[in-house]
Amino acid sequence: MAIQWFPGHMTSARKKAAETMERIDVVIEVLDARVPEAGSNPMIRELRLHRQRPCLKILNKTDLADPAVTQQWLAHFNAQPGVKAVALSCKKPGDVAKVPGLCLPLAPHRGTPLKPLRMMIMGIPNVGKSTLMNALLKRRVANVGDEPAVTKSQQSFDLNERMTLIDTPGLMWPKIEHASDGLMLAASHAIGRNAVIDEEVATFLADILLARYPDLLSQRYKFAVDGMDGVAVIAAVAQRRGFRLKGGDADLEKAALTLLQDYRDGALGRISLETPTTRQTMLATATSVPQPASDTTTLD
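Only a predicted model underlies this, so the values are computations on that prediction, with no experimental measurement involved.

Student: Sorry if this is basic, but what is going on with the overall build of the chain here?
Tutor: Helix and strand content of the chain: 12 helices and 8 strands. Per-residue burial over the chain gives 52% buried out of 300 residues. For the chain, the share of sequence-separated contacts (at least 6 apart) that also reach a separation of at least 24 residues comes to 71%. Total accessible area on the chain stands at roughly 14,000 Å², and carbon and sulfur atoms take up 52% of it.

What follows is the structure, encoded as structure tokens:
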């Protein structure tokens, strides 16, 4: 099943973002460091390139991501023209305080009282945009919640006399081209639960963990993973935690949710679901193999 999630308010949000792009100087794109390319909205890139706007890419949630992989992504993004990439945590005031200074070199003709630097914060849902906005302004002006699509309208604020900030709603795109991207985003809680099947997402996540972080699985759940696949991991979590339905069968849904939550909270350890190399391999495979038709779950 391919995952698609494009709530109705995002259509108007995209239109508003396109209008605002004309009047700003720098795009601050907030990304989840665990899925930085899968979670980079192609519509944002399209909009900023159309207006020739530079971009500061913030790899947020770095405390949850594999540090070695994060360094690979920083090198990848910093090689792109008009892009500056940094890894930081939007929950750490010291990290956030660096952001305005990182934006200034991207628009050196701005940043004075006569010509304030105009920055627009963008990204997909639940990556930390509102947390960043609140930290920059040092007060709560944007709703924050561990659910996608909390912010639903643009907000503009003066950071100081030389800088202004515009916060935008989380923007998804109408069609997620690659099924694995949808599953990575769902695992990382960027997509609403009403558009996914938790067991399918957890099985996908378990397969990645088996391939790249088997020791973290073993350490967390205290079972050997040799010879397992994703389905077996979910069953083993249910058995290990004693998750049972009334009839005695394993409660696989509860086990799936446990695995997903442990990944999202960092209880499994520091994990990245994609690297520049795995991304390149996935794209090469996708272009060489015809994609079969599949059912799609959407939310209008």
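Student: Even after reading the chapter, I still don't get the nonpolar core, so can you show me in this structure?
Tutor: Soluble globular proteins tend to bury their nonpolar side chains together. Within the largest apolar cluster, 88 residues are counted, with the highest numbers of intra-cluster contacts made by Leu132 and Leu259. The leading source of residues in this core is helix α8 (residues 198–212), at 8 residues. Those residues in contact with Leu259, other than ones at most four positions away along the chain, are Ala202, Leu205, Ala206, Leu209, Leu217, Tyr221, Ile234 and Leu268.

Student: So what exactly am I meant to see when it comes to the confidence of the model for the chain here?
Tutor: Any region with low pLDDT has predicted coordinates that should not be read closely. Chain-level pLDDT for the chain is 87 on average; 88% of the residues reach the 70-or-more range. Low pLDDT, under 50, characterises residues 145–151; the stretch is placed with 25 contacts to residues that sit more than four places away or in other chains. Predicted confidence for residues 289–300 stays below pLDDT 50, and this span has 21 contacts to residues more than four positions away or in other chains.

Student: Explanation requested: the packing of helix α9 (residues 214–221) against helix α10 (residues 230–241) in the structure shown.
Tutor: Angle between the axes and distance between the axes: these two values describe a pair of packed helices. Running from N to C, α9 and α10 point in directions that differ by 20 degrees, and their axes come no closer than 11 Å. Relative to α10, α9 is oriented roughly parallel. Crossing geometry of α9 relative to α10 is assigned as right-handed. In this structure, α9 contributes Leu217, Arg220 and Tyr221 to the contact, and α10 contributes Val233, Val237, Arg240 and Arg241. When the residues that make up the contact of α9 with α10 are grouped by side-chain class, the tally is 4 nonpolar, no polar and 3 charged.

Student: For this particular structure, what's the right way to read the environment of Ala211?
Tutor: Within the element layout of this structure, Ala211 appears in helix α8. Residue classification places Ala211 among the exposed residues on the basis of a relative accessible area of 64%.

Student: Whenever I open this one, the pattern of salt bridges confuses me. Can you help?
Tutor: One side chain can pair with another of opposite charge once the charged atoms of both are near each other. Overall, the coordinates contain 8 salt bridges when judged by the stated rule. Residue Arg51 is joined to Glu22 by a salt bridge in which the shortest nitrogen-to-oxygen separation is 3.7 Å. Here Glu22 lies in the loop between α1 (9–21) and β2 (26–32) and Arg51 lies in the loop between α2 (42–50) and β3 (55–60), a separation of 29 residues in the sequence. Among the residues examined, Glu22 registers a relative accessible area of 47% and is labelled partly exposed. As a salt-bridge pair, Glu274 and Arg279 come within 3.4 Å of each other at their nearest N and O atoms. Neither residue differs from the other here; Glu274 and Arg279 are each classed as buried. Put simply, Asp25, Arg110 and Arg118 are held in one network by salt bridges that share partners.

Student: When you look at the sheet that holds strand β7 (residues 163–167) in this model, what are you seeing that I'm missing?
Tutor: Backbone hydrogen bonds are what pair the strands of a sheet, in a parallel or an antiparallel way. Taken in spatial order, the 6 strands line up as β4-β3-β2-β5-β7-β6 in an open sheet, and their pairing is mixed. Only two strands of the sheet have a single neighbouring strand rather than two, namely β4 (83–87) and β6 (155–160). On average, each strand axis in the sheet is inclined to that of its neighbour by 25 degrees, with strand direction left out of account. Bridge count between β2 and strand β5 (residues 117–122): 4 bridges; the pairing is parallel.

Student: What is the right way to look at the pairing of β2 in this model?
Tutor: Both faces of the sheet carry side chains from a regular strand, because those side chains alternate between them. With 7 of its 7 residues buried, β2 lies for the most part within the structure. Residue alternation in β2 divides its side chains into two sets, Val26, Ile28, Val30 and Asp32 and Val27, Glu29 and Leu31, and both sets are buried. Bridge analysis of β2 against β3 gives 6 bridges, and the strand direction is parallel. Within the sheet, the bridge partner assigned to Leu31 lies in β3 and is Leu59. Crossover β2 to β3 through α2 is right-handed.

Student: What's the story with unusual backbone geometry in this structure? I'm lost.
Tutor: If a residue is not glycine, its phi is most likely negative; likewise, a peptide bond is most likely trans. A positive phi angle, close to 70 degrees, is found at His189, a residue other than glycine. Position of His189 relative to the elements: it lies in the loop between α7 (179–187) and α8.

Student: Sorry, what's going on with the packing of aromatic side chains here?
Tutor: Geometrically, a pair of aromatic rings is defined through the distance of the ring centres and the angle of the planes. Taken as a whole and assessed by the stated rule, the structure comprises 2 aromatic pairs. Taking the centre distance of 5.5 Å and the plane angle of 25 degrees together, the rings of Trp73 and Phe77 count as stacked. Within this pair, Trp73 and its partner Phe77 are both found in helix α3 (residues 67–78), separated by 4 residues, close to a single helical turn. Given the relative accessible area of 0%, Trp73 is considered buried. Look at Tyr221 and Phe223: their rings are 6.0 Å apart centre to centre, the planes differ by 10 degrees, and that puts the pair in the stacked class. Phe223 carries the same exposure label as Tyr221, and that label is buried. A cation sits over an aromatic face here: Lys57 above Phe77, 5.1 Å from the ring centre.

About the cut-offs
- Residue numbering note: each chain is counted from 1, following its sequence as written.
- The predicted origin of the model limits local features to residues at a pLDDT of at least 70 and limits the giving and counting of side-chain atom pairs to 80 or more, whereas totals for whole chains, interfaces and linings rest on all residues.
- Calculation of side-chain values draws on the structure's entire complement of heavy atoms; hydrogens and water are dropped beforehand.
- Under the scheme used here, helices are H or I runs from DSSP no shorter than 4 residues and strands are E runs no shorter than 2 residues, and both carry numbers assigned from the N terminus.
- Accessibility here uses a 1.4 Å probe with only protein chains present; expressed as a share of the type maximum, an area under 20% marks a residue as buried, one over 50% as exposed, and anything in between as partly exposed.
- Any two residues whose heavy atoms approach within 4.5 Å at even a single point are treated as in contact.
- Accessible areas in this description were obtained via Shrake-Rupley with a 1.4 Å probe; residue shielding takes into account the shown protein chains only.
- Nine residue types can take part in a nonpolar core, namely buried Ala, Val, Leu, Ile, Met, Phe, Trp, Tyr and Cys, and a core is a set of them joined through side-chain atoms within 4.5 Å.
- Known as pLDDT, the predictor's per-residue confidence is scaled from 0 to 100.
- Orientation is described by axes fitted as lines to C-alpha atoms, over the contacting stretch for helices, and by angles from 0 to 180 degrees between their N-to-C directions.
- Here is the rule for angles: anything less than 35 degrees is roughly parallel, anything more than 145 is roughly antiparallel, 65 through 115 is roughly perpendicular, and the remaining ranges are oblique.
- It is the rotation of the near helix from the far one that decides the hand of a crossing: anticlockwise by less than a right angle makes it left-handed, clockwise makes it right-handed.
- As a working rule, the residues Ala, Val, Leu, Ile, Met, Phe, Trp, Tyr, Cys and Pro are called nonpolar, Asp, Glu, Lys and Arg charged, and the rest polar, with Gly in that last group.
- The working definition used for a salt bridge is a side-chain nitrogen of Lys or Arg within 4 Å of a carboxyl oxygen of Asp or Glu.
- Strand pairing is assigned whenever DSSP detects at least two bridges linking the two strands.
- A clockwise path from the first strand over the helix to the second, with the strands pointing away from the viewer, defines a right-handed crossover.
- Note on ring pairs: Phe, Tyr and Trp rings are taken, using the six-membered ring of Trp, and paired if centres are within 6.5 Å. Classes follow the plane angle, with under 30 degrees stacked, over 60 edge-to-face and the rest tilted.
- Only when the NZ of Lys or the CZ of Arg is both within 6 Å of the ring centre and within 35 degrees of the ring normal is a charge said to sit over the ring.

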